[in-house]
Amino acid sequence: MTDPWKIVEDTFDSRRQHHKETIFTAGNGFFCTRGAFEEGYPGDRRGAFAHGVFDAVPISISELANVPDWLPFTVLLDGERFSLDSGRVRRFERILDLRTGLLTRRVEWVSPRGRAATVEFERFASMADEHVALIRCRVTPAFRGTVEFRAALNGNMDNEGLAHWRWVAQGRKGDTVFLRNHTRHSGIEFASAMRMVVAQGRGRASGFWDVENSPTMVVKMTASPGRILEVDKFVGLATSRDGADPVALAVRHVNSVRDWASAFRANSEAWAREWDRTDVVIEGDDEAQLSVRFSLFQMLIAAPRHDDDVNIGAKTLSGFGYRGHSFWDTEIFMLPLFIYTAPHIAKNLLNYRFQRLSGARAKARANGCEGAQFPWESADTGEEVTPTWVPHYADRNKLARVWTGDIEIHVSADVAYATYLYWRMTGDDDWLIKQGAELLLDTAKFWASRAEWNARRGRYEYNDVIGPDENHEHVNNNVYINRMAQWNLKLAIEILQWLKAHAPVAAARLSKALDLNPRRLKRWRQVVAGLHCKAAASGLIEQFDGYFKLKDVDLATMEPRTKPVLEVVGFEGANKIQVIKQPDVLMLQYLLQDEFTDKQVRVNYEYYNARTDHTYGSSLGPAIQAVMACRAGRIDEAREHFIRAASADLLDVRGNAKDGIHAASAAGVWLAVVFGFAGLRVNAASTLTGAVAQAPGGPDW
Ligand code: IFM
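What counts, and at which threshold
Residues numbered from 1 in each chain as written. Predicted model: local features only at pLDDT ≥ 70, side-chain atom pairs only at ≥ 80, totals over all residues. Heavy atoms only, no water. Helix = DSSP H or I, 4+ residues; strand = E, 2+ residues; numbered from the N terminus. Buried < 20%, exposed > 50% of the residue type's maximum accessible area, 1.4 Å probe, protein only. Contact = heavy atoms within 4.5 Å. Pairing = 2+ DSSP bridges. Axes fitted to C-alpha atoms, helices over the stretch in contact; angles between N-to-C directions. Expected span 1.5 Å × (residues − 1). Polar contact = N/O pair within 3.5 Å; in protein donor to acceptor, adjacent residues only side chain to side chain. Near = heavy atom within 4 Å. Areas by Shrake-Rupley, 256 points an atom, 1.4 Å probe, with all protein chains shown as cover. Left-handed = near helix turned anticlockwise from the far one by under 90°. Nonpolar A, V, L, I, M, F, W, Y, C, P; charged D, E, K, R; others polar.

K.L.:
Account for the overall build of the protein, naming residues and giving values.
P.N.:
In terms of helices and strands, the protein carries 19 helices and 25 strands. Taking the principal axes of the C-alpha coordinates as reference, the protein spans close to 90 × 60 × 50 Å. The proportion of buried residues among the 701 residues of the protein is 63%. Of the contacts formed within the protein by residues at least 6 apart in sequence, a portion of 70% connects residues at least 24 apart.

As structure tokens, this is what we get:
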């Protein structure tokens with residue numbers, strides 16, 4: 001029977017180790033560590049990432065640096081190193097307890113020379129003190145001899161070949177060993193400190209090996225059959241982002257750990273508070289229950305609770321994928337979860353954007369626009385960090401041009417959407433006045449300046465863009481972009497009115513700072529009225545100009561298939577057919593739900609559902625598709641879409657879970673449950689008075 005709180009693995013398959021490293025990620029919102037083994041395994045992708053610890057990298061500008069490794073813990077049975085790639089594994093079990101974040105591994109092992117023992121590891125990143133992590137190693141020998149435990153901190157880490165760290169110092173302060181490194185370019189310091197404590201059995205000798213960049217503590221014990229030997233490794237982690245002296249901080253935190261039991265109790269209590277706020281209970285379907293909890297767990301360990309200068313990457317802190325960069329995934333998929341369950345986290349994430357307005361302004365300026373154009377991929381500084389070229393999927397020796405950083409412009413409206421949703425749901429006027437309003441007004445300024453007047457057709461347009469569906473590049477008038485831009489502009493006009501009435505000083509300050517003069521506001525109204533957003537009489541909405549003229553391909557004729565349609569037909573081929581990568585028109589209908597009748601949703605759902613690459617297209621798609629299937633009355637299909645989203649990582653549907661958790665999909669699972677199956681409707685998208693939504697020049701659906 002499935003335990004709805006536990007992810008269980010009962011056999012180790014080295015071919016799946018990278019996938020499982022992602023699944024068994026542990027963390028606490030400050031840092032996360034992939035589920036690599038303490039003692040290592042050939043070819044493992046060891047990785048730990050801490051929020052905000054970026055360093056320079058060619059082409060992609062900045063990436064989260066794989067921080068010094070706190071895991072190393074080796075065990076020697078009579079001098080033979082315990083390792084799953086040698087000797088004989090009689091039994092293997094690994095369990096992640098989602099309730100407390102405890103990761104346990106139990107291996108019955110026989111060494112090449114025949115020493116048998118049960119070796120168990122437990123680890124957790126404390127949710128009570130995010131600068132603390134613990135490992136416990138328990139050995140039950142079936143032989144007489146010695147067991148040696150070696151615990152280390154390892155600064156020799158890289159990002160799959162790219163080295164970010166320089167060794168600075170290491171040493172010992174009493175019982176505590178520390179290691180200090182700093183990033184090569186951004187100059188961020190990372191300090192780790194550890195203590196080793198014998199919890200059961202008596203140490204025969206203990207020592208400290210001052211190995212450069214890998215300080216190691218050693219305990220050697222006498223083994224006799226059935227006598228448990230248990231050693232704990234307590235670790236403190238801190239960066240120069242946390243204080244001027246990260247070593248002192250790391251040492252202070254590790255020294256605050258009294259013992260395993262009390263640290264685990266505090267951790268469990270902190271987790272209980274998280275689950276109180278976030279848990280979703282599904283009765284009668286343990287698999288669905290487990291996958292929802294797994295998704296929520298991944299969100300909770302990635303969420304910055306005490307830092308409002310960082311964002312959550314598209315792969316959380318669980319892998320090397322997308323180099324730790326953040327996308328619209330945060331605002332549209334993850335933020336709703338936090339807005340409704342943990343608004344303090346949502347606020348932190350929105351402040352990250354607020355603090356990067358200058359980067360967004362610089363991007364707009366560089367494109368000849370005004371206001372704030374948020375980057376498609378964002379890292380530490382807020383500048384655009386999308387790579388312009390990446391290795392081609394068909395031939396890694398060739399390069400493919402990436403256009404998203406240039407023309408996937410909808411992210412500015414997505415940030416505005418989340419800003420508004422946060423305010424609308426929390427009523428946090430103070431934040432709106434000090435931060436949110438500027439985000440809403442400056443994104444509107446961008447949209448007004450980016451709009452092009454088409455004199456022949458007598459309308460405003462956004463040309464040469466990419467909408468959420470990235471199968472089609474360089475399109476004109478993507479309806480998601482047009483309508484979200486229009487919504488953003490209308491909202492800004494209303495917010496300014498609201499500010500004038502409720503916070504006149506802020507209204508005056510922002511009007512002056514952003515030059516919101518009458519001429520500019522008149523242009524905003526003109527763009528709103530003149531933007532092209534039309535539907536056919538049937539209610540069907542064309543995704544962009546000319547979409548309906550593209551070749552209509554029956555997806556079934558491409559089966560069986562193991563890769564995205566984009567890779568089957570190539571970049572140019574994808575631009576010529578109607579197959580889409582993820583919801584686009586439906587995404588719009590999902591966000592601005594009040595604007596569409598059930599009939600309009602049904603018509604568009606039927607049309608676009610049949611033309612979406614659900615299995616191998618974007619992982620962002622299935623969850624939203626599930627919500628819209630519910631709205632269209634297609635409950636069986638909704639379940640299929642939901643399962644696709646829920647198994648994206650657990651079953652590694654796309655074969656790339658090794659790169660990290662698909663964060664938007666994980667958060668989307670919650671959206672599918674709450675807004676899809678449970679049918680929660682919140683009229684959050686309609687503006688303040690509703691007046692603007694009905695103003696002349698609104699969409700013509
Ligand atoms: O933001 C997404 C995009 O919508 C589809 N490609 C992957 C990105 C990161 O998850």
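Moving on from the coordinates now.
K.L.:
So what's going on with the sheet that holds strand β21 (residues 229–239)? Residues and values would help.
P.N.:
Taken in spatial order, the nine strands of this open sheet run β1-β9-β10-β11-β12-β21-β18-β17-β16, and their pairing is antiparallel. Edge strands, defined here as strands with exactly one partner in the open sheet, are β1 (6–9) and β16 (165–173). Mean inter-strand twist for the sheet, computed between neighbouring axes without regard to direction, equals 15 degrees. With nine bridges joining them, strand β11 (residues 116–125) and strand β12 (residues 132–141) adopt antiparallel strand pairing. Note that in β12 the partner of valine 119 across the bridge is valine 139.

K.L.:
Describe the side chain of serine 83, naming the residues involved and giving the relevant values.
P.N.:
If you trace the backbone, serine 83 turns up in the loop between β8 (80–81) and β9 (88–97). Excluding residues within four positions of it along the chain, serine 83 makes contact with Glu39 and Trp109.

K.L.:
Just give me the short version of the side chain of histidine 253, but keep the residues and values in it.
P.N.:
Its location among the elements puts histidine 253 in helix α2 (residues 246–255). You can call histidine 253 buried: its relative accessible area is 14%. When sequence neighbours within four positions are dropped, the list of residues in contact with histidine 253 reads Asp129, His131 and Val132.

K.L.:
Outline helix α11 (residues 479–502), listing residues and values.
P.N.:
Residues that lie three or four places apart on an α-helix share one face, since the helix turns once every 3.6 residues. Its 24 residues place the ends of α11 34 Å apart at the C-alpha level, agreeing with the 34 Å of an ideal helix rising 1.5 Å per residue. Counting buried residues along α11, 20 of its 24 residues qualify, which places the element largely inside the surrounding structure. Where α11 begins, the capping side chain belongs to asparagine 478, and its oxygen is found 3.0 Å from the backbone nitrogen of tyrosine 480.

K.L.:
Outline the site of the ligand, listing residues and values.
P.N.:
Taken together, Ala314, Tyr322, Phe327, Trp328, Asp329, Trp376, Glu470, Lys581, Gln582, Ser618 and Leu620 make up all the residues around the ligand. Here a nitrogen atom of the ligand and a side-chain polar atom of glutamate 470 are 3.3 Å apart. Between the ligand and glutamine 582, the relevant distance is 3.2 Å, taken from an oxygen atom to a side-chain nitrogen or oxygen of the residue. Contact with the protein chains removes 91% of the 280 Å² of surface that the ligand exposes when unbound.

K.L.:
Describe the packing of helix α6 (residues 343–354) against helix α9 (residues 411–426), with residues and values.
P.N.:
Interaxial distance between α6 and α9 falls to 11 Å at its minimum, and their mutual angle equals 145 degrees. In this structure, α6 crosses over α9, and the sense of that crossing is left-handed. Taken together, the residues of α9 that come into contact with α6 (itself represented by Pro343, Ala346, Lys347, Leu350 and Arg353) are Val411, Val415, Ala418, Thr419, Tyr422 and Thr426. Across the contact of α6 with α9, the residue classes break down as seven nonpolar, two polar and two charged.

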